[in-house]
Amino acid sequence: MQPSRREFVQWVTASGIALSLSRLALAEEPSFAARQTLPGRQRWNPAATGVGRIDGVAKVTGAKLYASDFRAADMPGWPATTSHAILVRAPDATHVYTGMDLGRLKGALEPAVVVTADDLARIGTRVPAFYAGDLLCPIGKTPLYLGQPVALLIFEHFDAFDQARLALRDGTFVRFGEETGPIVGPNYGAFRFTRVAGPTPDAPDVYSPIQAGWISPARIQDSALPVWSPLARQTPANYAKGAVYGEQIRAELAAKDPTLLVLDREFETQSVDPMFLEPEAGLAWFSGDSSKLELVLGVQSPYDAAEAVAFMLGKARAPFKPARINSHFAYMGGGFGGRDHTPFMLYLALAGMFFPGRPVRLAHDRYQQFQGGIKRHAFKMRSQIGVDRTTGKIRAFAADHVLDGGGLANYSPNVATVAAAAAIGIYDVPKLDVTTVALHSRGVTAGSMRGYGTLQTMTALEVLIDETSAALSLDPIEFRRRNALGPNGRTMTGNPYTVSVRTPEILDKLEKHPIWRDRAQEKALGAQGGKLVGTGVACVTKDYGSGADCSFGKIEIDREGRISIHCDHVEMGTAVGTAVANRVALHLGAVADEITLAQIDAFDELALVTSGDPYTMDQKTQDAAARNPRWVPSLSTVTTASIGAHVGTQAAAEAARVILRFGLWPAALELWRIPATDPRAKQWETAAWKDGHLTMPDLAPLPLARLAATAHSRNLVTGASTHAFSRWAWSRARFQVAGVSWTADIDALAVRRGDGKFQRLDRSSVAFPPTDNNRIGTTYTSLCGTLVRVEIERASGALNIAKAYSVLECGRTLVPEVVRGQAQGGFAMGVGYALLESLPPYEGGPGNGQWNLGQYLIARGSDLPLRDLEIEMLPPLTPDEPPKGMAEVVMIPVVPALLNAIFDATGHRFQSLPVTQKILKGALA
């Protein structure tokens, strides 16, 4: 069983290493925490106006917020001088690694310390299972992948580091011997998703993953790809059953039925870099005197990062085993999934341990980030669709996906399954069969990135849908409308969504928009001017959440009505701090005065414990564990999968509700002189905040400060700390608060009365989401549709996006301007992915260490319709509809909409990405 948060500080992973985790929070000598604590309530109120960010001023005025901003001198109590490290990587993965040409680093360039694989073996480091593989390639072995680290070089002085860094850039510093060819490793995961619907929409499925579980073929073959046949040797029985249904679907598509239009197409997508603004960076200081390792870093997964470092050093020999690790988590200059479980922090920790007494900075420049950073998976896809020629309804769909996972498994199995489960997008298809396999290769490791595989599969799908509608002579939007999944329809895995599904509204908006309505007229006008003009449409859905998401939240209000918020989710440009402040303000009437994020050790009062894997545990195990009132399925999760608004704000919002109900509301009743027997005493949910005052009909408005002062003087609830867990539904627990039974979508609660200390309240009952939800797939989803109009010069192939429109639904928008900004950023990323960005997968690609923005083209302002991009957000269906994740869905339809627009303009249907100007020029020649 894993420890409580209080016990976590003393936690031992069979190692004796005590851990603490905190956020960095402006200069007396400001502490890291002070720098990372952001002012909330200022002269503007984002909760009231819908604009502004609580971190906006700090960011645009250059405050120290990001991990790359910090040096040792910025950390109180640290030595003032910063040393620097270089992570040397292999630019070759087909020859035996024989060492480094250290003779090139003599004299002033000589490193103070050189760390190799032999050193790691000598001190007894361990590799966390998620990062399985050699942390440093040993001499005498062929590197597992391009860009695999081979050594850490540590320099005491910056000048030596800087000159050495430039000297090593030509790629010849690492030496190689005999050619062996690339290492061949097993695939990272192979899965099959098959569904056969019942005879009517209400009838049970004949077969589906929710009934039978997720299935995989046996690993018995010697070939690179799995044997998908149900007749293969040693095939598991559960796989054989699903595969039989899958092969029947494929036979139906191959039967040459004259009533069925069948299209069979292949589509390829490329590897790209997340291109977050701030390359990975951090500080490490191991104090030999106190045996304490301190880290400063920015990651999407603080809790998991700390665990991984503790595991790596947990069995190390003295003096390389710290007694304590204190991790400070900073803001990130972008993430896009690329900082979700990156091994960077392991190398940062090693740099600190191997240069004791001196703070060491490890920071990638852009060359190094390209060489070693997580990439988006390249996909090869074959898709088959069968459509009834009379009704225009899709009868069957089959697809095969092959992902290039690169050198380490990372999240490749998960990306493969999420991509496959999304392969039918917004559509209702009664017969489905999709296989997917993630392969090991010598490429740079691929992992989590915005869209998480769905960008690739839904791009292929939406291009195919457009081609299908053309073959049937149906309007593309009408074809989508005929086949759209209804609110109670079943997804590929056999379950319905549990949130609003507003596809008809999205399609209606697209159909009525001038970009679509005037497309024929604009095409004719373009032809008169010598331009090829085309209009494209796409509509997609994207899940949010991972199936085991959680958050901590703590709210405190002082006697003057000042509010502070503590939250464990991290900021990476998505304005989660502003979102949580605004969601809390809905209950407490004001934006908080202080907001701190990425806090892992601020919730000791809950004393929670956990055990097992929340994704794989069975119901019996969960039920038994839940008898402990301190147990939860997971403590803290990664800020990813578009969960910032939905999950990241949940615990804090519920804490605010507790304070309103048991602190501010009783104070209001006293000030209004309403006795407990008055029916109005129970109407707390009908009270409303207006201009910082709590209001009720026919009663005097009460300012927050007066309510807070009364709550403190009467020893009412003035603070609440909570934990929330979601497995496609929220955990729900009952507590006794002030003699009242209180049920909420949380699983742990502690309260503070007046100026007292927090006291944990044991839950009297709890309902965690059933473990069977793990095999459902997804039940939370958001939708987005996009229109684009392009103008192409026939002679040069130059493409201009003349106008664009995206319409999305995401429940209640906590900060509309932030949602709009996410949609604009998603549009830019979509343009880059569709038209510009590409990384060669192996030799000549980023693993050689030679790539930078001189070669890698990303979307610039001149590539975008800066003044002609319209973003529309549908209002929530109800005033209390929860916020939905939207950061990924807004990017996805941009790519197929562009490809469909290019076809409309040129008559060429492109089946691979990117479609560059050079490719367009060649097609039009």
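Residues numbered from 1 in each chain as written. Predicted model: local features only at pLDDT ≥ 70, side-chain atom pairs only at ≥ 80, totals over all residues. Heavy atoms only, no water.

J.: Please explain the overall build of the protein chain as it appears in this structure.
T.: When helices and strands are counted, the protein chain shows 25 helices and 32 strands. Taken over the C-alpha trace, the protein chain has a radius of gyration of 28 Å; the compact-globule value for 925 residues is 29 Å, and the two agree within 12%. Expressed as lengths along the three principal axes of its C-alpha atoms, the size of the protein chain is roughly 80 × 80 × 60 Å. Out of the 925 residues in the protein chain, the part that is buried amounts to 62%. Surface summary for the protein chain: the accessible area is close to 33,700 Å², and the carbon and sulfur share equals 52%. Of the side-chain charges in the protein chain, 93 are positive and 91 negative, and the distance between the mean point of each set is 2 Å. (Helix = DSSP H or I, 4+ residues; strand = E, 2+ residues; numbered from the N terminus. Rg over C-alpha atoms; globule rule 2.2 N^0.38 Å. Buried < 20%, exposed > 50% of the residue type's maximum accessible area, 1.4 Å probe, protein only. Areas by Shrake-Rupley, 256 points an atom, 1.4 Å probe, with all protein chains shown as cover. Lys, Arg positive; Asp, Glu negative; His and termini not counted. Charge placed at Lys NZ, Arg CZ, Asp CG, Glu CD.)

J.: Can you help me understand the environment of L102 in this one?
T.: Mapped onto the elements of the fold, L102 is located in the loop between β4 (95-100) and β5 (113-115). The exposure class of L102 is partly exposed, given its relative accessible area of 33%. Sequence separation between L102 and A834 is 732 residues; the distance between their C-alpha atoms is 43 Å. Ignoring anything within four residues of it in the chain, the contact list for L102 reads V114 and F173. (Contact = heavy atoms within 4.5 Å.)

J.: Sorry if this is basic, but what is going on with the sheet that holds strand β29 (residues 765-767) here?
T.: Ordered by their spatial adjacency, 3 strands build an open sheet running β26-β25-β29, and the pairing between neighbours is antiparallel. Looking at the sheet topology across the chains shown, the edges are occupied by β26 (740-744) and β29. Pairwise comparison of adjacent strand axes, ignoring direction, gives a mean angle of 25 degrees for this sheet. Sheet analysis places strand β25 (residues 732-737) next to β26, joined by 5 bridges and oriented antiparallel. Looking across to β26, one finds that Q736 is bridged to S741. Sitting on the sheet, helix α21 (residues 650-672) touches β25 and β26, and the angle it makes with β26 is about 155 degrees. (Pairing = 2+ DSSP bridges. Axes fitted to C-alpha atoms, helices over the stretch in contact; angles between N-to-C directions.)

J.: Hey, could you run me through the side chain of T649 in this one?
T.: Secondary-structure assignment places T649 in the loop between α20 (644-648) and α21. If near-sequence neighbours (up to four positions away) are discounted, T649 is found in contact with A579, V580, R583, G644 and L814.

J.: Looking at this structure, how should I read the side chain of T722?
T.: Within the secondary structure, T722 sits in strand β24 (residues 717-726). Within the structure, T722 has its side chain in polar contact with the backbone oxygen of A651 (distance 2.6 Å). T722 has contacts with S551, F552, G553, L606, A651, A652, E654, A655, I746, A748 and L749, leaving out every residue within four places of it along the chain. (Polar contact = N/O pair within 3.5 Å; in protein donor to acceptor, adjacent residues only side chain to side chain.)

J.: Help me out: how do you make sense of the pattern of salt bridges in this one?
T.: Where side chains of opposite charge bring their charged atoms close, a pairing between them can arise. With the rule as written, the count across this model stands at 55 salt bridges. The closest approach of N and O atoms between K542 and E888, which form a salt bridge, is 3.4 Å. On the criterion of sequence distance, the pair formed by K542 in strand β17 (residues 531-543) and E888 in the loop between β32 (869-873) and α24 (894-906) is long-range, its members being 346 residues apart. For the pair shown, K542 and E888 are each scored as buried. Salt bridges sharing common partners tie together R192, E247, R250, D400 and D433. (Salt bridge = Lys/Arg side-chain N within 4 Å of Asp/Glu carboxyl O.)

J.: In this structure, what is going on with the pairing of strand β31 (residues 799-809)? I would like to understand it.
T.: Walk down a regular strand and you will see the side chains alternate between the two sheet faces. Counting buried positions along β31 yields 8 of 11 residues, so the element is predominantly enclosed. Pairing geometry for strand β30 (residues 781-793) and β31, over 10 bridges, is antiparallel. Directly across from L783, in β31, lies its bridge partner E809. Connecting β30 to the next strand, β31, in antiparallel fashion are 5 residues, including G797 with a positive phi near 80 degrees. Summarising the sheet, β31 and β32 pair through 5 bridges and their orientation is parallel. Across the sheet, V807 pairs through a bridge with E872, a residue of β32. Taking the sense of rotation as the criterion, the β-α-β connection linking β31, helix α23 (residues 816-835) and β32 turns out right-handed. (Right-handed = clockwise from strand over helix to strand, strands pointing away.)

J.: Is there a simple way to think about the packing of helix α18 (residues 576-588) against α21 in this case?
T.: Helix-helix packing is characterised by the crossing angle of the two axes and by the distance between the axes. α21 packs onto α18 with a crossing angle of 20 degrees between their chain directions and a minimal axis gap of 8 Å. By the angle between their axes, α18 is roughly parallel relative to α21. Like other packed secondary-structure pairs, α18 and α21 cross with a definite hand, here right-handed. Facing V580, R583, V584, H587 and L588 of α18, the residues of α21 in contact are Q650, A652, A653, A656, R657, I659, L660 and L664. A breakdown of the residues in the contact of α18 with α21 according to their chemical character gives 9 nonpolar, 2 polar and 2 charged. (Parallel < 35°, antiparallel > 145°, perpendicular 65-115°, else oblique. Left-handed = near helix turned anticlockwise from the far one by under 90°. Nonpolar A, V, L, I, M, F, W, Y, C, P; charged D, E, K, R; others polar.)

J.: Would you mind showing me how to read the packing of aromatic side chains here?
T.: The description of two aromatic rings rests on the distance between their centres and on the angle between their planes. Enumeration according to the criterion identifies 18 aromatic pairs in this entry. Measuring from centroid to centroid gives 5.1 Å for F130 and Y131, while their planes differ by 80 degrees, and the two rings are edge-to-face. You can call Y131 buried: its relative accessible area is 6%. Aromatic pair W665 and W672: ring centres 6.1 Å apart, planes at 75 degrees, arrangement edge-to-face. For the residue pair W665 and W672, the accessibility class agrees, reading buried in each case. Through pairs of rings, three or more aromatic residues link up here, namely F130, Y131, Y411 and Y452. Sitting over the ring of W516, R519 keeps its end group 3.9 Å from the ring centre. Looking at K554, its charged tip hangs above the ring of F758, at a distance of 5.2 Å from the centre. (Phe/Tyr/Trp six-rings, centres within 6.5 Å; stacked < 30°, edge-to-face > 60°. Lys NZ or Arg CZ within 6 Å of the ring centre and 35° of its normal.)

J.: So what exactly am I meant to see when it comes to the nonpolar core here?
T.: Nonpolar side chains in soluble globular proteins tend to end up buried together. I792, L808, F827, V831 and L898 are the most contacted members of the largest nonpolar core, which has 66 residues in total. Non-local contacts of L898, meaning those with residues more than four positions away in its chain, are made with V788, V790, I801, G830, V831, A834 and L835. Core analysis: the next-biggest nonpolar cluster, separate from the first, contains 64 residues, V580, L660, F662 and F735 among them. (Core = buried A, V, L, I, M, F, W, Y, C linked by side-chain atoms within 4.5 Å.)

J.: Looking at this structure, how should I read helix α9 (residues 302-313)?
T.: Owing to its 3.6 residues per turn, the α-helix aligns residues three or four sequence positions apart on the same side. With 12 residues, α9 should reach 16 Å at 1.5 Å per residue; the first-to-last C-alpha distance of 17 Å fits that figure. Across the 12 residues of α9, 10 count as buried, placing the element largely inside the fold. Among all positions of α9, only P302, Y303, A305, A306, E307, A308, V309, A310, M312 and L313 are buried. (Expected span 1.5 Å × (residues − 1).)

J.: It is not clear to me how the pairing of strand β12 (residues 324-329) should be interpreted in this structure. Could you clarify?
T.: Burial analysis of β12 places 5 of its 6 residues in the buried class, the great majority of the element. In the classification by handedness, the crossover that spans strand β11 (residues 292-297), the intervening α9 and the parallel β12 is right-handed.

J.: In this structure, what is going on with the sheet that holds strand β22 (residues 693-695)? I would like to understand it.
T.: Think of a sheet as strands paired side by side through backbone hydrogen bonds, with each pair either parallel or antiparallel. What the 3 strands build is an open sheet, ordered β21-β22-β23; its pairing is antiparallel. On the outer flanks of this sheet lie β21 (688-690) and β23 (702-703), each paired with one strand and no other. Across 3 bridges, β21 lies against β22 in antiparallel orientation. Paired with A688 across the two strands is T695, which belongs to β22.

J.: Just checking my understanding: could you explain the environment of E247 for this structure?
T.: Take E247: it is sitting in helix α8 (residues 237-253). Residue classification places E247 among the partly exposed residues on the basis of a relative accessible area of 32%. Setting aside anything within four residues of it in sequence, one finds E247 in contact with R192, W228 and P230. At a separation of 2.7 Å, a polar atom in the side chain of E247 contacts the side chain of R192.

J.: Got a minute to help me understand the packing of helix α13 (residues 454-471) against helix α14 (residues 476-483) in this structure?
T.: Running from N to C, α13 and α14 cross one another at 110 degrees; their axes reach a closest spacing of 9 Å. When the axes of α13 and α14 are compared, the pair comes out roughly perpendicular. Contacts from E462, I465, D466, T468 and S469 of α13 reach α14 at P476, F479 and R480. Grouping the constituent residues of the contact of α13 with α14 by class yields 3 nonpolar, 2 polar and 3 charged.

J.: Can you help me understand the state of the cysteines in this one?
T.: One way to say it: the disulfide is the covalent bond shared by the sulfur atoms of two cysteines. This structure, assessed with the given rule, holds 0 disulfides. Take C550: it sits in no disulfide, and the sulfur closest to it among the cysteines is that of C567, at 11 Å. Residue class for C550 comes out buried when judged on its relative accessible area of 0%. Free of any disulfide, C784 has its nearest neighbouring cysteine sulfur in C539, separated by 7.6 Å. The exposure class of C784 is buried, given its relative accessible area of 0%. (Disulfide = S-S within 2.5 Å.)

Interpretation in functional terms is not warranted from these geometric data alone.
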